[in-house]
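Now for the letters of each chain:
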Amino acid sequence: MSTSIDTRCVQGGYQPGNGEPRQVPIIQSTTFKYATSDAMGKLFDLEAPGYFYTRLQNPTNDYVAAKIAELEGGTAAMLTSSGQAASFFSIFNICEAGGHVVASSTIYGGTYNLLAHTMAKMGIETTFVAPDCSAEELEAAFRPNTKCVFGETIANPALTVLDIEKFATAAHTHGVPLIVDNTFPTPVMCRPIEWGADIVTHSTTKYMDGHGAAVGGAIVDSGNFDWMAHAEKFPGLTTPDDSYHGIVYAEKFGQGGAFITKATSQLMRDFGSIQSPQNAFLLNLGLESLHVRMPRHCANGLAMAEFLSAHPKIESVRYPGLAGDPCYELAQKYLPDGTCGVVSFCVAGGRAAAERFMAGLKICAIETHVADARSCCLHPASSTHRQMTDAELAAAGIAPNMVRLSCGLESADDLIADVAQALELA
Ligand SMILES: *Cc1c(COP(=O)(O)O)cnc(C)c1O
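Note on numbering: residues in each chain are counted from 1, in written sequence order. Under the rules for a predicted model, residues below a pLDDT of 70 receive no local features and side-chain atom pairs below 80 are neither given nor counted, while totals for whole chains, interfaces and linings still include all residues. Remark: hydrogens and water are excluded; side-chain values derive from all non-hydrogen atoms of the structure.

A. Quick peek at the packing of aromatic side chains. Here a pair means two rings of Phe, Tyr or Trp (six-membered ring of Trp) with centres within 6.5 Å. Their orientation is stacked below 30 degrees between planes, edge-to-face above 60, and tilted elsewhere. Enumeration according to the criterion identifies 17 aromatic pairs in this entry. Summarising the aromatic geometry, the rings of Tyr249 and Phe253 are spaced 6.2 Å apart at their centres and angled 25° between planes, so their arrangement reads as stacked. Each member of the aromatic cluster is reached from another via a ring pair, and the members are Phe88, Phe89, Phe92 and Phe271. Each ring is checked for a lysine NZ or an arginine CZ that lies within 6 Å of its centre and within 35 degrees of its normal; such an atom marks a charge sitting over the ring. In this structure, Lys206 packs its charged tip against the face of Tyr108, placed 5.1 Å from the ring centre.

Spelled out as structure tokens, the structure:
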């Protein structure tokens, strides 16, 4: 039976049988028992489905990953220990030393560091392009060894919106997949696969968990990318894997299963960045109300952005759902029902005024976090980016008086009243 996303948030994934627990069971076990070595051997050969060691796979995780696959409209999914691990696995699964990535320049700072520094040391080069680049500029970024394109639906913290169709068209013209980090909108507000994305990643730490309880990540495969049609670019999926008796992932697991099976059986096996089953259970509790929470985060974000944009002590506001925002048109196309709860703005009076504003907040807590039920606020220049001079901040696109506010699920009136009184002190 085909169901709406609301029903899939609540009931997707785990389907208990007769007399089985109603809630997703937490399989708190590192290992699994078998009657014969031969039965277990079949699992090691990927000849039979099943579990043998929680460093690679655990049933609790798979129940929750299956729900996320249903929400995004994908064919397979896996959970990782963090969003960072999801970003790394999604790229490294198809891009090895000597490979090249095209990425949007406004991606999350952690992902930027991963690509620009850590993966560079592994022999993988990245060309960054502005998300609003022309088709010609995007075209010029590709090289013969390009293996994928990466961007964020709504970038954290830049709040730019990715033109998913533009990036998907360019990627597909060059025979490579588009990977989209869909952390901020969640599949409730946008499903990038419907616009041409091939792989979707998440920091489930943010809205999916939604309560600031568990760090985690997820990768979803659309099943739409034809690895065999571009076999020479993706030998890891289309030629025999010697560490698994010569299995060819794209043949044995098909277009819908190859990517996640390879990432599980090679990268999870070797890097071991698995989400704990306890965290997967907490993530699932968050997913059960995601479709109820997201509209409220979006409504609070929009109300806050509108209040701030009319306030005399505010120099500028960025919020993709706000009429007049540079990304408003793209947001209307890709996120017509709402964007997210995160708003950024510049307080008139410079760095000191922003610091006074932060000190005056009573409901919005000072935290380096976003996308939580409780509103939280960050002044990068005096916290996460405090080692930078004003010139270095400018180069990184962060104004000294810029504040990022993540609107939680409290009353919008109370949040606006809190911000209003703190602005009086600024
Ligand atoms: C937080 C975040 C990440 C990293 O996720 P962690 O769970 O903190 O590792 C990646 N992408 C985006 C868009 C994020 O907001």
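B. Region of the structure containing helix H11 (residues 254-271). The terminal C-alpha atoms of H11, which comprises 18 residues, lie 24 Å apart, in line with the 26 Å expected from a rise of 1.5 Å per residue. Approximately 30° is the largest bend angle found in H11, and it occurs at Thr264. Directly beyond the C-terminal end of H11, a positive phi value near 65° is found at Gly272. Under the scheme used here, helices are H or I runs from DSSP no shorter than 4 residues and strands are E runs no shorter than 2 residues, and both carry numbers assigned from the N terminus. The span one expects for a helix is its residue count, reduced by one, times 1.5 Å. Across the chain, bend at a residue is computed as the angle between axes fitted to the seven residues ending at that point and the seven starting from it.

C. Structural context of the packing of helix H15 (residues 350-360) against helix H17 (residues 412-425). Two elements in contact, H15 and H17, have axes whose closest approach is 8 Å; the angle formed by their N-to-C orientations is 135°. By the angle class used here, H15 and H17 are oblique. Relative to H17, the crossing made by H15 is right-handed. Each of Arg356, Phe357 and Gly360 in H15 lies in contact with H17, whose residues at this interface are Asp418, Val419, Gln421, Ala422, Leu423 and Leu425. For helices, the fitted axis covers only the stretch in contact; all axes are lines through C-alpha atoms, and the angles between them, taken along N-to-C directions, range from 0 to 180 degrees. In these notes the angle categories are as follows: under 35 degrees is roughly parallel, over 145 is roughly antiparallel, 65 to 115 is roughly perpendicular, and the rest is oblique. Crossing handedness follows the turn of the near helix against the far one: under a right angle anticlockwise gives a left-handed crossing, and clockwise gives a right-handed one. Residue contacts follow a heavy-atom distance rule, with two residues in contact if any of their heavy atoms lie within 4.5 Å.

D. Representation of the pairing of strand E1 (residues 76-80). Most of E1 sits inside the fold, with five of its five residues counted as buried. Across the two faces of E1 the burial is the same, with Ala76, Met78 and Thr80 and Ala77 and Leu79 all buried. Sheet topology note: the E1/strand E7 (residues 217-221) ladder contains five bridges and is antiparallel. Counterpart to Ala77 in the pairing with E7 is Val220. Only protein chains enter the accessibility calculation, which uses a 1.4 Å probe; a residue whose area is less than 20% of its type maximum is buried, one above 50% is exposed, and one in between is partly exposed. We call two strands paired when DSSP finds no fewer than two bridges between them.

E. Quick look at the nonpolar core. Buried Ala, Val, Leu, Ile, Met, Phe, Trp, Tyr and Cys residues that are joined via side-chain atoms within 4.5 Å together make up what is termed a nonpolar core. Of all hydrophobic cores here, the largest spans 119 residues; its most connected members are Phe345 and Phe357. Residue ranges for the domains trace back to a domain assignment, done automatically or taken from a database. A domain split of this core shows at least three residues from each of domain 1 (5-286) and domain 2 (292-425). Apart from the residues within four sequence positions on either side, Phe345 is in contact with Leu308, Ile314, Ser316, Val317, Phe357, Asn401, Met402, Val403 and Leu405. Residues Cys346, Leu393, Ile398 and Met402 belong to the second largest nonpolar core, which totals five residues.

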